[in-house]
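Analysis of the macromolecular model
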Amino acid sequence: MSQYRQLNEGDAPLINNPQIITGFQILRQSVDLGLRQNQEARKSSVKAAALVSRQSQMYSQAKEKGMTLNETIVKYDAPTQNKQDILKKAQNKGEDYRNMDEHKVDVIALSQRYETSLTDGLTQDQAIAKNKQYGDNKLTEKKKKPWWIKLLIEMVQPFSILLWIASIMCFVLYGVNPDALGAKSNLWLAIILIAIILLTGSITYNQSAKADALMEGFKNFLPQKCLAIRGGEKVEVPAEKLVPGDIIEIKMGDKIPADVRIIQSREMKVDNSALTGECDPLLRVTELTSENPLETKNLAFFGTLCKEGSGKGLVIQIGDNTVMGQIADLATGGETPETPLNKELKRFVILISCIAVGLGILFLILSLVVEEASVDTAVGQAIGIIVANVPEGLLGCITVSLAITAKRLADKQVLVKNLEAVETLGSTSCICSDKTGTLTQNKMTVANVWYDGLKRVALNRYKHGRNTEYEYDINDPTFRDLHDCAIITSEAKFNIQGKEKANLNWLDQPTIGDASETALIKFFQPIEDIESTRQRRQLVELSDKSLAKMPFNSTNKFSLCIVNWETQDSYYCVYIKGAPEKLWTFSSYLLIEGRNQPIDEQITQKFKSVNISFGKGGERVLGFAKLHLPRAEFQKGFKFNLNSIETLKFKLEGFTFLGLFSLMDPPKETVPQAIKKCQSAGIKVIMVTGDQPPTAGAIAKQIGIITGKTVDDLLDENPQMSYDEAFRLAPAIVIHGDMIVQAMEEEDSSKDNLPEEMKDRKLKSWCSKPQVVFARTSPAQKLMIVRACQYIGHVVGVTGDGVNDSPAIKQGDIGISMGISGSDVTKDAADMILLNDDFASIVDGVEEGRKIFDNLKKTIVYLLTSNITEVFPYVGEIAIGLPLPLSNAFILTICIGTDILPAISFAYEEAEIDIMTRKPRKKDDHLVSFRLITHAYLLQGIIATSAGFFSYFSTMNEYGFPPQLLLSFMNTPYQSIPWPSITLANGQSYSPPPTTWVWDLPNMNNPFLTTQPYSPDWQQAPLLTVPTGGEYNSTIGFQSNPLNWINPEIIYYDLRYIFVYYDSSYKRWFPTFEEWQYQNSNNLCRYYDRSDSLLEGNSYPINTNACFKTAALKYAQTSYFVAVVLVQWSNVFSCKQRKMSLIYSPVNIVMFYGVILETIIFICIVYIPGVNTWFGARPVDILNLGMPGLPYSMCLFCWEELRKYFIRNYAKPNKYELNFFEAHSLW
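Residues numbered from 1 in each chain as written. Predicted model: local features only at pLDDT ≥ 70, side-chain atom pairs only at ≥ 80, totals over all residues. Heavy atoms only, no water.

A word on the nonpolar core
Core analysis: the biggest nonpolar cluster contains 109 residues, and Phe961 and Phe1121 have the highest contact counts within it. Membership of the second largest hydrophobic core comes to 39 residues, among which are Ile699, Met832, Val846 and Ile915. (Core = buried A, V, L, I, M, F, W, Y, C linked by side-chain atoms within 4.5 Å. Buried < 20%, exposed > 50% of the residue type's maximum accessible area, 1.4 Å probe, protein only.)

The following block contains the structure:
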């Protein structure tokens, strides 16, 4: 069964998806070509050939963009990837769009076709019937991967593939010869490796599933309803229940829920970037503007965004029949760009995999050529090398670390849609931030009012009561006009839901509307009920029954409405609200004490002065004006058209300016400190706001974005100074949006074909200033600012809350949306959402991003240090013939046992002291750098490996194997073992036991060295006699292959009986090694009197100690393992800080738990009977055999502290360069 999703779900944003864009272009061009073909191409076969050529070119362009066209452009029964078929499908679908006429026919005829009313919409019965006929308004969703497929994918990651190969090879070795020596160990190793793969894969899958669940939950943030007109009433309808013929209302910030014909537009502009890739808002009108339905302005398509204005539409297509529905699979086929962290992890995995495979192949060859080992032995050793190089627990540690970071960020009110993007935030070097709601509290209050040419403090009458003397007079005619204009042009209202108005505290009541308008209604409500004010001045009703309002947009910077106000000279009055400097250009008069006074230079200077003074106080300023339309031109019943400025029937001139209101939005208390932390971290904070420059500059100074003198300050102090000189000297600048426009116009007027790097030179130079504020900017200018910052090398974080911010948010390296005030569109486009709308949370995110990068480095160094201790034992075995110092069981125990919790504990590590004083990470500063590899492998790894080998040699020495003797075993012949049975004189078969050493015993107890029958009493065996008539052959029964120390059949044999040589002068056999040729050689073994449980319970009447036996290797391997654990104690604490001393590091209780756990693990493995046997461990004497690694552990810790001390304090060549240790050893 097909799976569906609702149209307004929070899917990954479709903005700028190259697959959708290319698919739309093919569809649009196909329609264009078809239309031209209908007009011209049919006249000539040449034109038809050109059409095919053009379509082939479109296909090539799509292919160059990495796009795989699916069959979903047109639904065909049989899917195909054939080029001609794809083009044919696009052609066929283009034919469908060429034949459609919904954009051409009159709206009345169209409404009759869809059996609907333009004013009343469909009835509920009609809607239900059409829903049954057409189905739900849903897109058929591409079938998701089943959970088990996702789980399998986690099981075949690069590290896992290496382990799969190793386990398969172990199974092959076992299957080829299951009775061979060590075959069972290969079987167990294969099973354990598979268990490790399943375990780590399950952990990563589980965390991935949790992340998917989080994203599913995030979808609930987005609305799933739209406003439709049914039966003459406005009702909220689930988007999936829309049907063709529905009349819907669309307002700024809404997603278009279906393909619609525009029947009313009030400056309605849409963002078609989801289809076209172009983010410029496009005006929608009711008239036909193009024969091509994909280009005409009277249609709006599903998935696009209403960026400005509002309108109404008639639904003409739903679900899969929408334009987006036709190319929906192209959206799901788009590749998600890799995050920097993903790239770094992939680079690390490839690097380690190459090292592992390279060393495995190298030592396979060495084992076969140098050691002359058998194929199965060589392959087993290669598997060991690969397993030793792969940090099996690393990916699990990283996954858990990311999950822990997600929880920590959630606690700090930061929702991260893509957790790996946090690391991008950590490398951010520039943040372009909104002011209102992000840096300030977004709680506007009216501070001052200016009317009648005078500035007055605007105290709230509810807050200050009746006994306060107010500077403004509510009965002043100018104030009354200003009052009416402010309330009628505002759409904010109180959300009191039937409460009694008499006893309400209006300052605390919730409102519906933006912050500025909310401040106005809270100021005027105690003066007069705002609904009464609006009833007194009724809005004009337009021909489509809507009210005469033109909403505010960022391009015009004003909103206006028309009210019925009959006077001697007029029937209508236009009220306008917006940017004061904009409205002043429309005005010819200033209302003073109820009378119009012509504006002259003196009044203009007074206006500019008060406007600047408000701005310098950090206040937002709104201007208000009115215009009485003359009766002669605007008679009663005049048909106004407020769709756009161009359709207005009156000129924007001759207005009467009423006054100003200044609004205060105080900075958030946490912001100044957060700005300081950003600056100390080398992060530039750029304020980008729609407020006027003085206001923006004042707020920037309050919160610390600007700390020095601006260009304007220097010009005010030195009027003779040129702007260029002031710009050069000033550390801070405040740039008006008009200056950006002017700079662009100057560049365009030069008519020079400048290369890309030479464009926007002024903007780039402005962005290069240490302290920058952009004021009165439009969304397009904000996008240009972000691009300029990126071009000069910044990693840019962009904050926003409005619909218009979405292009800039998408352009930024990391987009940050507000959770409370943010629109659905910005939440869609953003990488992370601040649930508390607090800029300080961004700084928390930066710190977490840097911390996670640091902590992953620490985890990798910690794990790679133990990796090298696992590799060198195989090097020793293959290169110089040492008995393997560390078994596979111990290697895996270290990787997925003792190291795991300490490695995970780094995720709980607090940020280092200097983390927010460092400069942002450069793009070439990799997670795993050459310095990190050399530090982990060649410094800490060598110390840890030395500890292991010292413990190993110490233990072997204690059991009778001095180091120089161990190095001689590889090329020394020895007797074949086990010794075969012989026939005694009495005819009985006798197998000589592997006895303990007594002086001259090789000559008494070796069946190859005597010609006389044995006595059952081994202690009275006769001496060797040489055969009559010749010399004894001293090579009989010897072999030169290296001794197999893990052969269980020789574990009981005293190697002094095996490594012997024949001395013809004495005619006797002696131990090969000088150390064993003395009667007191038993003293070489400290534990001669200590029994080994592995050797007990046999039928031989022998001493059951491990001295001089291969069983001693178990003790040595255990000592090596213990030494590695002891060094890792120091290693985990040494890795806590990359630069600072441990004493400056806060306590990490999880790290202590990790050290305790790894200690418990090694104690259980070493000392619990049964457990130690299973792991191949022996209960070593901890004081003698466990402690050799401790000095190395202390050495590693002391060296690390010394290295960090030199990093901090070693002399620098100059203040701009790093000292030697910081430059070469800080990883």
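Having seen the structure, we can now continue with the description.
Examining the confidence of the model for the protein chain
Predicted confidence across the protein chain gives a mean pLDDT of 78, with 79% of residues reaching 70 or more. Every residue in residues 1–19 is under pLDDT 50, and counting partners more than four places away or in other chains gives 61 contacts. With pLDDT under 50 throughout, residues 1007–1026 is counted as low confidence; its partners more than four residues away or in other chains account for 54 contacts. (pLDDT = per-residue confidence, 0-100. Contact = heavy atoms within 4.5 Å.)

Brief notes about the sheet that holds strand 25 (residues 771–775)
As a general point, the strands of a sheet are linked pairwise by backbone hydrogen bonds and lie either parallel or antiparallel. In spatial order, the strands read 10-28-27-26-11-23-25-24; together these eight strands make up an open sheet with mixed pairing. Lying at the two open borders of the sheet, with one neighbouring strand each, are strand 10 (414–416) and strand 24 (732–736). The average undirected angle you get between the axes of adjacent strands in this sheet is 20°. Pairing analysis gives three bridges linking strand 11 (residues 430–433) to strand 26 (residues 796–800), with the strands arranged parallel. When the bridges of strand 26 are listed, Cys432 appears paired with Val798. Its contacts with the sheet place helix 28 (residues 779–791) against strand 11, strand 23 (684–688), strand 25 and strand 26, and it is angled at close to 165° to strand 26. (Pairing = 2+ DSSP bridges. Helix = DSSP H or I, 4+ residues; strand = E, 2+ residues; numbered from the N terminus. Axes fitted to C-alpha atoms, helices over the stretch in contact; angles between N-to-C directions.)

Things to note about helix 5 (residues 124–134)
Taken residue by residue, helix 5 has Ala127, Lys130 and Asn131 as its buried positions. Mapping the buried residues of helix 5 onto a view down its axis gives an arc of 105°, with all of them on the same face. For helix 5, exposure combined with an orientation more than 90 degrees from the buried face picks out Asp125, Lys132 and Gln133. Contacts from the buried residues of helix 5 go to strand 3 (225–230). Taken from the residues just after helix 5, Gly135 is the one with a positive phi, measuring 85°. (Arc of directions from axis to C-beta.)

A short note on the state of the cysteines
Overall, the coordinates contain one disulfide when judged by the stated rule. For the unlinked cysteine Cys1195, the closest cysteine sulfur is that of Cys1198, found at 7.2 Å. (Disulfide = S-S within 2.5 Å.)

Description of the pattern of salt bridges
As enumerated under the stated definition, the model contains 37 salt bridges in all. Between Glu528 and Arg536 there is a salt bridge, and its shortest N-O distance comes to 2.8 Å. In this structure, the salt-bridge partner of Glu958 is Arg1086, at a minimum N-O distance of 2.6 Å. Of the two residues, Glu958 is situated in helix 34 (residues 930–958) and Arg1086 in the loop between strand 34 (1068–1071) and helix 36 (1112–1134); the sequence distance between them amounts to 128 residues. Classification of Arg1086 as partly exposed rests on a relative accessible area of 47%. (Salt bridge = Lys/Arg side-chain N within 4 Å of Asp/Glu carboxyl O.)

Quick notes on empty space enclosed by the protein
If you walk through the whole model with that rule in mind, you get four cavities of 30 Å³ or more. Empty space within the second largest cavity amounts to approximately 60 Å³. When residues of the lining of the second largest cavity are traced back to their parent elements, those giving at least two are helix 14 (394–411) and helix 31 (839–880). If you tally residues by element for the lining of the second largest cavity, the top one is helix 31, at six residues. Here the lining of the second largest cavity is built from residues that sort into four nonpolar, four polar and three charged. (1 Å grid on protein atoms, 1.4 Å probe; cavity = no way out; pocket = protein on both sides within 12 Å on 5 of 7 lines; lining within 4 Å. Points joined across faces, edges and corners; volume = space filled by probe spheres on them. Nonpolar A, V, L, I, M, F, W, Y, C, P; charged D, E, K, R; others polar.)

Re the UniProt feature "transmembrane region" (unreviewed entry) in the protein chain
Feature annotation in UniProt places "transmembrane region" (unreviewed entry) on residues 151–175, 187–205, 348–370, 382–404, 860–882, 888–908, 928–953 and 1147–1170, given in this structure's numbering. Secondary structure across residues 860–882 divides into 91% helix and 0% strand, with the first and last C-alpha atoms of the span separated by 29 Å. With 92% helix and 0% strand, residues 928–953 has its two end C-alpha atoms placed 33 Å apart. (UniProt positions renumbered as here; feature names shortened; annotations may be inferred.)

Here we look at unusual backbone geometry
A positive phi angle, near 55°, is found at Asp452, a position not held by glycine. Tracing the backbone shows Asp452 in the loop between strand 12 (445–451) and strand 13 (454–457). By relative accessible area, which is 12% here, Asp452 ends up buried.

Here we look at a nonpolar patch on the surface
Side chains of Val357, Ile361, Leu362, Ile365, Leu366, Leu368, Val369, Val370 and Val375 sit close together on the surface and give an oily, nonpolar patch of about 750 Å² of accessible area. With seven residues, the top contributor of residues to the nonpolar patch is helix 12 (residues 340–369). Tracing the backbone shows Leu362 in helix 12. (Patch = residues over 30% accessible without salt bridge, like charges linked within 9 Å, V, L, I, M, F, W, Y side chains within 5 Å. Areas by Shrake-Rupley, 256 points an atom, 1.4 Å probe, with all protein chains shown as cover.)

Some words on the packing of aromatic side chains
Taken as a whole and assessed by the stated rule, the structure comprises 43 aromatic pairs. Residues Phe961 and Trp1076 carry aromatic rings whose centres are separated by 6.0 Å and whose planes lie at 75° to one another, so their mutual orientation is edge-to-face. Placement of the pair is Phe961 in the loop between helix 34 and helix 35 (963–966) and Trp1076 in the loop between strand 34 and helix 36, with a sequence separation of 115 residues. Trp1076 shares its class with Phe961; the two are buried. (Phe/Tyr/Trp six-rings, centres within 6.5 Å; stacked < 30°, edge-to-face > 60°.)

Re the pairing of strand 25
In summary, the side chains of a regular strand alternate between the two faces of the sheet. Burial analysis of strand 25 places five of its five residues in the buried class, which makes it a mostly covered element. Here strand 25 shows no split at all, with Gln771, Val773 and Ala775 on one side and Val772 and Phe774 on the other all buried. For strand 23 and strand 25, the ladder comprises two bridges, and the chain directions are parallel. The residue of strand 25 that forms the bridge with Met687 is Val773. Note that strand 24 and strand 25 share five bridges and pair parallel. Pairing of His736 across the sheet is with Ala775, part of strand 25.

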